[in-house]
Amino acid sequence: MIRRSILIFLTLIVFLAGCSNEAERNTSKIQKPSDSNQSTPQTSLTDEQILMIPPGRFAGSNYDEQKVQAVLDQLPSNLTADQYMEELLLLLAEDYRPYVSTFINFESEVTVNNQRPNEKVTLPTGKKLHISILLDASGSMKEQINGKSKMDSAKEAIQSFGDKLPKNAEVSLRVYGHKGTGSQKDKQISCNSTEEIFHGQGEQTNQIKTVLQGVKPAGWTPIANALKSVKQDINPETTDSIVYVVSDGIETCGGNPVQIAKELNQSKVKTVVNIIGFEVDNEGQKMLRQVATSGGGEFTSIDNDETLKNYLDKTYDKLRGEWTRWKEKGAGEANIQKEQKQGTINRTQETMQGLANKEHSNLLAALKYLETKKENAFPQNELFKKINERQNFAWNYARDTGKRLYDEVSKSGNKVYDDITDEGNKNIDDLTNNKNN
């Protein structure tokens, strides 16, 4: 008997089976069936709902021609074309559900979330990152190297360093030991002396030369006190900060710079402490190296003004290399992700179209059998038309949906690739220009 409970639903399927979209490009490798430009009647069912019906009893690997023919032998001779199509689909409709679900739930957006170099513990360019420069202004900075005082060499190097900083970097300059004298009676005044003399953006660092003019080598060396004061220089919204301490000697005020550096490095705003030792003896180097290690940074020993300038310049080379690696990694990931998504789309599309072709072949075999059994006693031509419409409907849905998603992935992937490449190149060029200025 005809399954009356499904008659109305599958009749709608048959009417809808002839819909065909306008997209011309065929991205599938499977041979396209003969095209059919049937219009789609108005209905509340979507293409996806039509294709999500359960498969027929003999779909896929369950196909058995003899069993199909046995069922066809039981069909009445007075069925309409719609009723015949209903019965054929109950037997032979392929299972499109997994592939339609893949299309429905497909995420076409390409996303790459590589950590940028300015989020690492290196010279940052992000607006939420802070660079602190601490300058030793103790009396020993009066000593001369090659006819120039350590203080004058440090000032020139810091000014040059500041001029090259990215415009959006937050920068502070603090001096310590710049008050009192090296005498015992002035020790307390000198050890308490630490002062932020500049705080601004990288684009304002031309002011550093002016504020440094009044700094003279004076007293003792309160490194711990200066490091402790760094906390108040950092904006609470800062995500990471880095400190460069320029000193020619060890702590002389009884503080514990190793402990303070460790606290800075473990604080909410993680701060990396780098020490630049300017003409420091072996004992001093050992102590300052411990400070840098505790602060998660590095100790560098320099012995003249050119060495100091070269060290600061290397910061740019390092960051430029990091931006190059970030760009290449991100652009590569964008391409890989795009190609993987496109591969999924193509496989889904081709599988659906293969099923449509297989279903079409089985339906035509059933039609041929009916022709031999019933001769002219059934609507042969109408049923043949509906079988072709069914194939075109499923085949074109896969083609058009696949093409739309493929294009969306291409657009998203190309944009991510271009954005990463442009950002990387801009930062690389900015750093190169800053270093060469």
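Bear in mind that the values here come from a model prediction, so they are computed numbers and not experimental data. Along every chain, residues carry numbers that run from 1 in the direction the sequence is written. This being a predicted model, a pLDDT of at least 70 is required before a residue's local features are given, and a value of 80 or more before pairs of side-chain atoms are given or counted; all residues contribute to the totals for chains, interfaces and linings. Derived side-chain values reflect all non-hydrogen atoms in the structure, with water molecules and hydrogen atoms excluded from consideration.

Turning our eyes to something else, we now look at the overall build of the protein chain. Strands here mean DSSP runs of E at least two residues long; helices mean DSSP runs of H or I at least four residues long; both are numbered from the N terminus. What the protein chain contains, in helices and strands, is 13 helices and eight strands. Classification of residues uses two cut-offs on accessible area relative to the type maximum, computed with a 1.4 Å probe and protein chains only: under 20% is buried, over 50% is exposed, and between them is partly exposed. Burial status across the protein chain gives 52% buried among its 437 residues. Here, residues are in contact when the closest pair of their heavy atoms is within 4.5 Å. Sequence separation of at least 24 residues holds for 84% of the intrachain contacts in the protein chain that already meet a minimum separation of 6. Computed by Shrake-Rupley with a 1.4 Å probe, the accessible areas treat only the displayed protein chains as cover when residues are assessed. Of the roughly 21100 Å² that the protein chain leaves accessible, carbon and sulfur atoms contribute 45%.

Here the focus is the pattern of salt bridges. Here, a salt bridge means any side-chain nitrogen of Lys or Arg that lies within 4 Å of a carboxyl oxygen of Asp or Glu. Applying the stated criterion across every chain, the model contains 12 salt bridges. Here K148 and E156 are joined by a salt bridge, their closest N and O atoms 3.1 Å apart. We classify K148 as partly exposed; its relative accessible area is 24%. Connected via shared salt-bridge partners are E143, K150 and D248.

Moving on, we come to the nonpolar core. Across soluble globular proteins, you tend to see nonpolar side chains buried next to one another. For our purposes a nonpolar core is just a set of buried Ala, Val, Leu, Ile, Met, Phe, Trp, Tyr and Cys residues, chained together by side-chain atoms within 4.5 Å. Counting residues in each nonpolar core, the largest one holds 28 residues, and the members touching the most others are L51, Y96 and M352. When contributions to this core are tallied by element, the ones reaching two or more residues are α2 (47-51), α5 (97-104), α12 (305-374) and α13 (380-436). The greatest single-element share of this core, amounting to 11 residues, is contributed by α13. When sequence neighbours within four positions are dropped, the list of residues in contact with L51 reads Y96, R97, V100, M352, F393, A394 and Y397.

All right, on to the packing of aromatic side chains then. To pair, rings of Phe, Tyr and Trp, with the six-membered ring standing in for Trp, must have centres within 6.5 Å; the planes then decide the type, stacked if under 30 degrees apart, edge-to-face if over 60, and tilted in the middle. Inspection of the entire model under this criterion finds three aromatic pairs. Measuring from ring centre to ring centre gives 6.3 Å for F103 and Y397, while their planes differ by 65°; the resulting arrangement is edge-to-face. Of this pair, F103 sits in helix α5 while Y397 sits in helix α13, and the two are 294 residues apart along the sequence. A single burial state applies to F103 and to Y397, both of which are buried. For a lysine, the NZ atom is tested; for an arginine, the CZ atom; a charge sits over a ring if that atom is within 6 Å of the ring centre and within 35 degrees of the ring normal. A cation over a ring is seen here: K341 above F106, with NZ or CZ 5.5 Å from the ring centre.

What a helix is expected to span follows from its residue count: subtract one and scale by 1.5 Å. Over its 14 residues, helix α6 (residues 150-163) extends 20 Å from the first C-alpha to the last, a length consistent with the 20 Å expected when each residue adds 1.5 Å. With 10 of 14 residues buried, α6 lies mostly within the body of the structure. Buried within α6 are the following residues: K150, M151, S153, A154, K155, A157, I158, Q159, F161 and G162.

The backbone phi angle of N146 is positive, close to 55°, even though this residue is not glycine. Position of N146 among the secondary structure elements: in the loop between β2 (144-145) and β3 (148-149). In this structure N146 comes out as exposed when scored by relative accessible area, which is 74%.

What follows deals with the pairing of strand β4 (residues 170-176). Burial analysis of β4 places seven of its seven residues in the buried class, the great majority of the element. Alternating positions in β4 separate into two faces, E170, S172, R174 and Y176 on one and V171, L173 and V175 on the other, with burial throughout. Strands are labelled as partners when DSSP assigns at least two bridges between them. The pairing of β4 with strand β5 (residues 194-201) spans seven bridges and is antiparallel. Counted as the bridge partner of V171 is G200 from β5.

Before going further, it helps to spend a moment on the packing of helix α10 (residues 257-265) against helix α11 (residues 282-294). Only the stretch in contact is used when fitting a helix axis, every axis being a line fitted to C-alpha atoms; angles between N-to-C directions are given from 0 to 180 degrees. Relative orientation of the contacting elements α10 and α11 amounts to 20°, with a least axis distance of 7 Å. Taken as axis vectors, α10 and α11 run roughly parallel relative to one another. Between α10 and α11 lies a crossing whose hand is right-handed. Across the interface between the two elements, P257, V258, A261, K262 and N265 of α10 pack against M287, Q290, V291 and S294 of α11. Counted by class, the contact of α10 with α11 contains five nonpolar, three polar and one charged residues. Every angle not falling under 35 degrees, over 145, or within 65 to 115 is termed oblique; those three ranges are roughly parallel, roughly antiparallel and roughly perpendicular. The sense of a crossing depends on the near helix, which, turned anticlockwise from the far helix by less than a right angle, makes the crossing left-handed and, turned clockwise, makes it right-handed. When residues are grouped by polarity, Ala, Val, Leu, Ile, Met, Phe, Trp, Tyr, Cys and Pro land in nonpolar, Asp, Glu, Lys and Arg in charged, and all others, Gly among them, in polar.

Glancing now at the environment of I208. Position of I208 relative to the elements: it lies in helix α8 (residues 208-213). Separated by 35 residues in the primary sequence, I208 and L173 have C-alpha atoms spaced 8.0 Å apart. Not counting residues up to four positions away in its chain, the partners in contact with I208 are I158, Q159, G162, L173 and F198.

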